[in-house]
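# Structural overview
Listed below are the residues making up each chain.
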Amino acid sequence: MVYNSLMLQQFRVYPTNKQKRAIDEQLKIHCKLYNDVREFHQKSYTDNKNSVRIYDLVKLFCPALTGTTNSTSAQQTVLRFGKGYRYFIQSYKNKSTSI
């Protein structure tokens, strides 16, 4: 008899004060990026009644962060916004059609 079993390992991280400050700084950068993208997307939609493509948002916001954070993580933050926005719109459409 063969069992499919996964081994689970947990790691606990104990950062130094310098590492804690670096993590906090990265979180602040990504929170600001997410909120700026959301605000720009919302303003663009209310002004033009046209949604901005997510990859256009990546091209617009990510080069400005060069030197402050990893460009891949900045792109993932913008893509995460797009994914959340897309799921929100889909759930809104599904609710309005089911009524």
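Residues numbered from 1 in each chain as written. Predicted model: local features only at pLDDT ≥ 70, side-chain atom pairs only at ≥ 80, totals over all residues. Heavy atoms only, no water.

## Overview of the packing of helix H1 (residues 17–48) against helix H2 (residues 54–61)
Direction vectors running N to C along H1 and H2 enclose 125°, while the axes themselves pass 11 Å from each other. By the criterion of interaxial angle, the relationship of H1 to H2 is oblique. By crossing handedness, the relation of H1 to H2 is classed as right-handed. On the side of H1, the interface is formed by Leu33, Asp36, Val37, Phe40 and His41, while H2 contributes Leu57, Leu60 and Phe61. For the contact of H1 with H2, a count of residues per class yields 6 nonpolar, 1 polar and 1 charged. (Axes fitted to C-alpha atoms, helices over the stretch in contact; angles between N-to-C directions. Helix = DSSP H or I, 4+ residues; strand = E, 2+ residues; numbered from the N terminus. Parallel < 35°, antiparallel > 145°, perpendicular 65-115°, else oblique. Left-handed = near helix turned anticlockwise from the far one by under 90°. Contact = heavy atoms within 4.5 Å. Nonpolar A, V, L, I, M, F, W, Y, C, P; charged D, E, K, R; others polar.)

## Things to note about the state of the cysteines
Scanning the model with the defined rule gives 0 disulfides in all. Distance from the sulfur of Cys31, which forms no disulfide, to the nearest cysteine sulfur (Cys62) is 15 Å. A residue is classified by how much of its surface remains accessible, and Cys31, at 46% relative accessible area, is partly exposed. (Disulfide = S-S within 2.5 Å. Buried < 20%, exposed > 50% of the residue type's maximum accessible area, 1.4 Å probe, protein only.)

## Points about the environment of Cys62
Positionally, Cys62 belongs in the loop between H2 and helix H3 (71–98). You can call Cys62 buried: its relative accessible area is 8%. Residues Cys62 and Leu6 lie 56 residues apart in sequence; the distance between their C-alpha atoms is 37 Å. Once you skip the residues sitting within four places of it in the chain, Cys62 turns out to touch Leu57, Ala74, Gln75 and Val78.

## Focus on the environment of Leu57
By the secondary structure assignment, Leu57 is in helix H2. Note: C-alpha distance between Leu57 and Val78 (21 residues apart in sequence) is 7.2 Å. The residues touching Leu57, leaving out its near neighbours within four places in the chain, are Val37, Phe40, His41, Val52, Cys62, Val78 and Phe81.

## Some remarks on the nonpolar core
If you look at the biggest cluster of nonpolar residues, it comprises 13 residues, and the most contacted ones within it are Leu33, Val37, Leu57 and Val78. Listing elements by their share of this core, those giving two or more residues are H1, H2 and H3. The leading source of residues in this core is H2, at 4 residues. (Core = buried A, V, L, I, M, F, W, Y, C linked by side-chain atoms within 4.5 Å.)

## Examining H1
Helix length check: H1, at 32 residues, gives a terminal C-alpha distance of 46 Å against a target of 46 Å (1.5 Å per residue), a fit within 8%. Considered for burial, the residues of H1 that qualify are Ile29, His30, Leu33, Val37, His41 and Ser44. Positive phi shows up at Lys49, right after H1, with a value of about 55°. (Expected span 1.5 Å × (residues − 1).)

## A word on unusual backbone geometry
For Lys49, which is not a glycine, the phi torsion comes out positive at approximately 55°. Note that Lys49 resides in the loop between H1 and H2.

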